[in-house]
Amino acid sequence: MKNLTATLALLLALPVGAVAQTEAPTPGRELAELVYGSIEDNPMGTADMGEFVNFGRDIFVSMDYDESGTIAFGEFTEWDFGFNFIAEDEGQQRAYEAAQRILFSFWDRDASGEISENEYHQSMVSDFSRADTDNDAFLTRDEFLSGYIINVAYRAAIIGQ
């Protein structure tokens with residue numbers, strides 16, 4: 001557990017530029033842009049905290065296969081936007097799985113082995129705040145792509161940084 005926490009701390013401490021995506025279209029970037037497009041419902045092209053948290057609530061419900069109100073590690077790893085296929089294509093499956101373990105342990109705030117709805121909600125709020133680098137209470141596409149923890153962690157795993 002110490003190694004997972006230390007690895008996540010290192011990952012979060014990296015400057016955004018160290019793992020920022022290039023503008024070149026890649027399957028991971030295109031997928032992340034699709035995800036962002038499903039979050040924001042704003043003509044200005046930004047997502048506010050409410051949209052982000054509501055999106056997270058929908059994801060939580062779809063991850064909770066057994067409808068227990070918590071997400072077990074198996075549920076967490078089985079649910080995916082498609083990044084697992086990209087990691088497999090890039091030969092980075094083990095690194096991707098390590099990123100999943102780190103994210104799960106980060107969101108499992110009480111280390112119970114399950115992510116409760118409250119823990120997930122707290123994580124969504126924290127993740128939004130961390131990604132909102134200009135602190136304007138909106139996430140732009142670029143902030144989402146370069147700062148949302150899922151994108152940062154999976155990109156680092158897939159491209160080997």
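Residues numbered from 1 in each chain as written. Predicted model: local features only at pLDDT ≥ 70, side-chain atom pairs only at ≥ 80, totals over all residues. Heavy atoms only, no water.

*Asks:* I would appreciate a short explanation of the packing of aromatic side chains in the present structure.
*Replies:* The relative placement of two aromatic rings is captured by the distance of their centres and the angle of their planes. Throughout the structure, instances matching the rule amount to 11 aromatic pairs. One aromatic cluster is present, formed by Phe-60, Phe-73, Phe-76, Phe-104, Trp-107 and Tyr-120 through successive ring pairs. (Phe/Tyr/Trp six-rings, centres within 6.5 Å; stacked < 30°, edge-to-face > 60°.)

*Asks:* Would you mind going over helix α8 (residues 117-131) with me for this structure?
*Replies:* An α-helical turn contains 3.6 residues, so a residue and the one three or four places further along point in the same direction. With 15 residues, α8 should reach 21 Å at 1.5 Å per residue; the first-to-last C-alpha distance of 21 Å fits that figure. Those residues of α8 lying buried are Glu-119, Tyr-120, Ser-123, Met-124, Asp-127, Phe-128 and Ala-131. Down the axis, α8 shows its buried residues gathered within 165 degrees of arc, on one side only. (Helix = DSSP H or I, 4+ residues; strand = E, 2+ residues; numbered from the N terminus. Expected span 1.5 Å × (residues − 1). Buried < 20%, exposed > 50% of the residue type's maximum accessible area, 1.4 Å probe, protein only. Arc of directions from axis to C-beta.)

*Asks:* What's the story with the packing of helix α7 (residues 93-107) against helix α10 (residues 149-159) in this structure? I'm lost.
*Replies:* Each packed pair of helices is defined by two parameters, the angle between the axes and the distance between the axes. Where α7 meets α10, the closest approach of the two axes is 8 Å, and the angle between their N-to-C directions is 150 degrees. If you check the angle between α7 and α10, you find them roughly antiparallel. In the packing of α7 onto α10, the handedness of the crossing is right-handed. Taking contact as the criterion, the partners of Ala-95, Tyr-96, Ala-99, Gln-100, Leu-103 and Trp-107 in α7 are, on α10, Ile-149, Ile-150, Ala-153, Tyr-154 and Ala-157. Class assignment for the residues of the contact of α7 with α10 results in 10 nonpolar, 1 polar and no charged. (Axes fitted to C-alpha atoms, helices over the stretch in contact; angles between N-to-C directions. Parallel < 35°, antiparallel > 145°, perpendicular 65-115°, else oblique. Left-handed = near helix turned anticlockwise from the far one by under 90°. Contact = heavy atoms within 4.5 Å. Nonpolar A, V, L, I, M, F, W, Y, C, P; charged D, E, K, R; others polar.)

*Asks:* Would you explain the confidence of the model for the protein chain in this entry?
*Replies:* Low-pLDDT stretches of the model should not have their predicted coordinates read in fine detail. Taken as a whole, the protein chain shows an average pLDDT of 83; of its residues, 80% reach a score of 70 or greater. The low-confidence segment residues 1-22 (pLDDT under 50) makes 28 contacts with residues lying over four places distant or belonging to another chain. (pLDDT = per-residue confidence, 0-100.)

*Asks:* I would appreciate a short explanation of the pattern of salt bridges in the present structure.
*Replies:* Pairing between side chains becomes possible if they bear opposite charge and their charged atoms approach one another. Inspection of the entire model under this criterion finds 4 salt bridges. Residues Arg-130 and Asp-127 are paired through a salt bridge, measuring 3.0 Å at the closest nitrogen-oxygen approach. A residue pair is termed a helical-turn pair when its members lie 3 or 4 positions apart in one helix, as Arg-130 and Asp-127 do in helix α8 at 3 residues. Residue classification places Arg-130 among the partly exposed positions, given a relative accessible area of 33%. Taking the relative accessible area as the measure of exposure, Asp-127 reaches 0% and is therefore buried. Note that Arg-141 and Asp-142 form a salt bridge whose closest N and O atoms lie 2.9 Å from each other. Overall, Asp-142 belongs to the partly exposed group, its relative accessible area being 44%. (Salt bridge = Lys/Arg side-chain N within 4 Å of Asp/Glu carboxyl O.)

*Asks:* Which parts of the structure should I look at to understand the packing of helix α4 (residues 49-63) against α8?
*Replies:* Across the interface, α4 lies against α8 with an axial gap of 10 Å and an inter-helix angle of 140 degrees. Crossing geometry of α4 relative to α8 is assigned as right-handed. Between α4, through Met-49, Phe-52, Val-53, Gly-56, Ile-59, Phe-60 and Met-63, and α8, the contact on the second element is made entirely by Glu-117, Tyr-120, His-121, Met-124, Val-125, Asp-127, Phe-128 and Ser-129. Across the contact of α4 with α8, the residue classes tally to 10 nonpolar, 3 polar and 2 charged.

*Asks:* In this structure, what is going on with the environment of Thr-77? I would like to understand it.
*Replies:* Position of Thr-77 among the secondary structure elements: in helix α5 (residues 73-78). Thr-77 gets classed as partly exposed once you look at its relative accessible area, which sits at 24%. Sequence spacing of Thr-77 and Phe-104 is 27 residues, and the spatial spacing of their C-alpha atoms is 8.8 Å.

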